[in-house]
Amino acid sequence: MKLILVVDDEYAIAESLRDLLEDEGYSVVTAGNGRAALERMAERRPDLVVLDLMMPVLDGRRTLETMAADARFAEVPVVIMSAAPALVGLDASVSNIVGILQKPFSIEALLGVVSEHVGATQEAT
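Notes on the structure follow. Nothing here was measured: the structure is a model prediction, and the numbers come from that model.

Considering the pattern of salt bridges
Here is step 1 of the chain: Tallied over the full model, the rule gives eight salt bridges.
Here is step 2 of the chain: Between lysine 103 and aspartate 52 there is a salt bridge; the shortest N-O distance is 3.5 Å. Taken together, the residues span a long stretch of sequence, with lysine 103 in the loop between β5 (97-102) and α4 (107-118) and aspartate 52 in strand β3 (residues 48-52) at a distance of 51 residues. Here lysine 103 and aspartate 52 have matching classes, each one buried.
Here is step 3 of the chain: In this structure, aspartate 59 and arginine 62 form a salt bridge, with 3.8 Å as the shortest nitrogen-oxygen distance.
Here is step 4 of the chain: Here the residues in one salt-bridge network are Glu15, Arg18, Asp19 and Glu22, joined through shared partners.

Some words on the pairing of strand β4 (residues 78-82)
Here is step 1 of the chain: Summarising burial for β4: five of the five residues are buried, a large majority.
Here is step 2 of the chain: Across the two faces of β4 the burial is the same, with Val78, Ile80 and Ser82 and Val79 and Met81 all buried.
Here is step 3 of the chain: In this structure, β3 lies alongside β4, joined through four bridges in parallel fashion. The residue bridging leucine 51 from the neighbouring strand is isoleucine 80, located in β4.
Here is step 4 of the chain: In this view, the connection linking β3 to its parallel neighbour β4 by way of helix α3 (residues 60-69) has right-handed handedness.
Here is step 5 of the chain: The pairing of β4 with β5 spans five bridges and is parallel. Within β5, the position partnered with isoleucine 80 by the bridge is isoleucine 100.

As for the nonpolar core
Here is step 1 of the chain: Counting residues in hydrophobic clusters, the biggest one holds 18 residues, and the most contacted among them are Leu5, Val7, Met41, Val49, Leu51, Met67 and Val78.
Here is step 2 of the chain: Listing elements by their share of this core, those giving two or more residues are β1 (3-7), α2 (34-43), β3, α3 and β4.
Here is step 3 of the chain: If you tally residues by element for this core, the top one is α2, at four residues.
Here is step 4 of the chain: Residues within four places of methionine 41 in sequence aside, it is in contact with Leu5, Pro46, Val49, Met67 and Phe73.
Here is step 5 of the chain: Ala14, Leu20, Val113 and Val118 belong to the second-largest nonpolar core, a separate cluster that totals 17 residues.

Conventions used here
Starting from 1, residues in each chain are numbered consecutively following that chain's sequence as written. With the structure being a predicted model, the display of local features is reserved for residues of pLDDT at least 70 and the display and counting of side-chain atom pairs for 80 or more, all residues being used for whole-chain, interface and lining totals. Heavy atoms from the whole structure form the basis of all side-chain values; hydrogens and water molecules are not counted. In what follows, salt bridge is the name for a side-chain nitrogen of Lys or Arg lying within 4 Å of a carboxyl oxygen of Asp or Glu. Numbering of helices and strands starts at the N terminus; helices are DSSP runs of H or I of at least 4 residues and strands are runs of E of at least 2. Using a 1.4 Å probe on the protein chains alone, a residue whose accessible area is under 20% of its type maximum counts as buried, one over 50% counts as exposed, and one in between counts as partly exposed. At least two DSSP bridges between two strands are required for those strands to pair. Seen with the strands pointing away from the viewer, any crossover whose path from the first strand over the helix to the second strand runs clockwise is right-handed. Among buried residues, the Ala, Val, Leu, Ile, Met, Phe, Trp, Tyr and Cys ones that are joined through side-chain atoms within 4.5 Å form a nonpolar core. Contact criterion: two residues are considered in contact whenever any of their non-hydrogen atoms come within 4.5 Å of each other.

Below you can see the structure in the form of structure tokens.
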């Protein structure tokens with residue numbers, strides 16, 4: 001089963017996305033900030049990260065930089081989600097960004113980008 005890591009400091013958003021993606025047949029873990037996300041990745045490498053940019057402790061930009069510098073995570077595809085202009089301040093050398101979802105985004109947009117980069121699940125209906 002494909003593992004997706006959802007990283008957002010807004011608990012309701014992270015939990016809603018977890019529930020939605022689990023209903024589609026994915027295995028999902030959540031983290032409330034970048035530091036917790038890196039800890040989750042060290043436990044089990046995700047197939048995709050859905051990452052908010054604006055968070056406390058370690059924001060999305062620093063999380064991306066840390067992932068890029070670590071060979072274990074440099075190739076993990078990342079979908080950015082943000083209410084702010086998503087690419088402002090992002091390092092152009094970060095090549096693992098595969099999608100950008102501007103908040104608020106549709107369920108169809110999320111499922112489309114996840115399916116495109118992780119693949120649809122057999123369990124999905």
